[in-house]
Amino acid sequence: MSDYKVEVRGLCKNFGSLEVLKNCNFNINRGEFVCVVGPTGCGKTTFLNTLTCLIPPTSGEILIDGEPADPKKHNLSFVFQEPSAMPWLTVEDNIAFGMKLKGWTKDRIKAQTDKIIELMGLSKSRKQYPHELSVSTEQKVVIGRAFAMEPDLLLMDEPYGQMDIKTRFYLEDEVIRLWRELGSTVLFITHNVEEACYLADRVLILTNKPASVKEDLSLHMPRPRDIASPEFIENRIHVENAIKWW
Ligand SMILES: Nc1ncnc2c1ncn2[C@@H]1O[C@H](COP(=O)(O)OP(=O)(O)OP(=O)(O)O)[C@@H](O)[C@H]1O
């Protein structure tokens, strides 16, 4: 088996004559939390859509555990910006949904659902429906559902984009708690540099369109991270300077 969970080699994507991704190369280790940042409109969503196999790359390859990424074979989970809990299901049934689709046993589904509900502090809401929840709690349910399936790769596209700053910090801590507890491999797209430095083991900095990986920065700061520490500020400024979107 490959040493890497994910390998991306020479990934290119064009829409007609528009070149959006140009020769992207990177690896993700098993259990790593990687954030992707880049200038607005550089192609972050296209990048993610090719990784999830939602759109085919023009050229290049994406390997998971050393084999071409295939949604039928690999377990890929997504979380998008808009909370997308299923309105007709309770919180616990939303969390269990993906596991049922995967054909897990009842006992395993129950144990995993209980674990996620406990980890995310959702016990009081477990019988509620999405319309009874705040937007941030609904997003927690969606994130819990995505982690619950023990995905090969969990892809998150600005999942906190619409949250106020306090909620965002709170949800970022929740996502780190789940990730550490479950050992998932996460690729998290954000335009927010502070968020990337708070969450990531590594930050992939994309260039302007056509996007390639300009820098692959490892962050070795202890968690929970202190956004006011000199080391954090130094990293944040480094990433901001690398993006130069102003
Ligand atoms: N299906 C498509 N057909 C044609 N062009 C597309 C398509 N999808 C994206 N594009 C173009 O590709 C470029 C990158 O878009 P994309 O949404 O990937 O960027 P982004 O970095 O996610 O944007 P933002 O920073 O605003 O979230 C844009 O110029 C967009 O118009």
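Structure: above.
Residues numbered from 1 in each chain as written. Predicted model: local features only at pLDDT ≥ 70, side-chain atom pairs only at ≥ 80, totals over all residues.

Here we look at the site of the ligand
The condition that has to hold: Nearness between a residue and a molecule or strand is assessed with a C-beta atom placed from the backbone; a distance within 6 Å qualifies. Here a strand is any run of E in DSSP of at least two residues, a helix any run of H or I of at least four, and the numbering for each starts at the N terminus. The classification used treats Ala, Val, Leu, Ile, Met, Phe, Trp, Tyr, Cys and Pro as nonpolar, Asp, Glu, Lys and Arg as charged, and all other residues, Gly among them, as polar.
Surrounding the ligand, one finds Phe-15, Leu-18, Val-20, Thr-40, Gly-41, Cys-42, Gly-43, Lys-44, Thr-45, Thr-46 and His-191. Looking at the shell around the ligand, the elements with two or more residues in it are strand S2 (18-29) and helix H1 (44-51). Looking at the shell around the ligand element by element, the count peaks at three residues for H1. For the shell around the ligand, the class distribution of residues is four nonpolar, six polar and one charged.

Examining the sheet that holds strand S5 (residues 67-68)
To keep things clear, this is the line we draw: Only when DSSP finds a minimum of two bridges between them are two strands counted as paired. Residue pairs qualify as contacts under a 7 Å threshold applied to their C-beta atoms, which are placed from the backbone. The axes are straight lines fitted to the C-alpha atoms, using for helices just the contacting stretch, and the angles between their N-to-C directions are given from 0 to 180°.
As summarised here, the arrangement of the four strands in space is S2-S1-S4-S5, forming an open sheet in which the pairing is antiparallel. The two strands at the open ends of the sheet, each matched to only one other strand, are S2 and S5. Where strand S4 (residues 59-64) lies against S5, two bridges are found, and the strand directions are antiparallel. Looking across to S5, one finds that Leu-63 is bridged to Pro-68. Set on the sheet, H1 makes contact with strand S1 (4-15), S2 and S4; between it and S2 the angle comes to about 60°.

Quick word on the pairing of S1
The two faces of a sheet get side chains in turn, since along a regular strand they alternate between them. Bridge analysis of S1 against S2 gives eight bridges, and the strand direction is antiparallel. Across the sheet, Leu-11 pairs through a bridge with Cys-24, a residue of S2. Here S1 folds back onto S2, and the loop between the two strands holds two residues, one of which, Gly-16, carries a positive phi near 60°. For S1 and S4, the ladder comprises five bridges, and the chain directions are antiparallel. Bridging from a neighbouring strand, Arg-9 pairs with Glu-61 of S4.

Quick word on the packing of helix H2 (residues 91-101) against helix H4 (residues 135-148)
In helix packing, the relevant descriptors are the interaxial angle and the interaxial distance, both defined with respect to the helix axes. What counts is decided by this rule: Oblique is the label for any angle not under 35 degrees, not over 145, and not in the 65 to 115 range, which are roughly parallel, roughly antiparallel and roughly perpendicular in turn. Crossing handedness: left-handed means the near helix sits turned counterclockwise from the far one by under a right angle, and right-handed means the same turn made clockwise.
Closest axis-to-axis distance for the H2/H4 pair is 8 Å, and the angle between their directions is 30°. The pairing of H2 with H4 is recorded here as roughly parallel in orientation. Between H2 and H4 lies a crossing whose hand is right-handed. Residue-level inspection shows Val-91, Asn-94, Ile-95, Phe-97, Gly-98 and Met-99 of H2 in contact with H4, the latter providing Val-141, Gly-144, Arg-145 and Ala-148. Residues that form the contact of H2 with H4 fall into these classes: six nonpolar, three polar and one charged.

Here's the deal with the sheet that holds strand S3 (residues 33-37)
Across the sheet, six strands lie side by side as S6-S7-S8-S3-S9-S10; this open sheet has mixed pairing. Of all the strands in the sheet, just strand S6 (76-79) and strand S10 (213-218) have a single pairing partner and so form its edges. Looking at each pair of strands side by side, their axes are set apart by 20° on average, direction ignored. Two strands pair when backbone bridges link them, and S3 and strand S9 (residues 202-206) are joined in this way by four bridges, in the parallel orientation. Counterpart to Val-34 in the pairing with S9 is Arg-202. Where H1 meets the sheet, it contacts S3, strand S7 (153-157), strand S8 (186-189) and S9, and its direction lies at approximately 155° from that of S7. Each of S3, S9 and S10 touches helix H7 (residues 230-243); the most contacted strand, S9, lies at about 20° to it.

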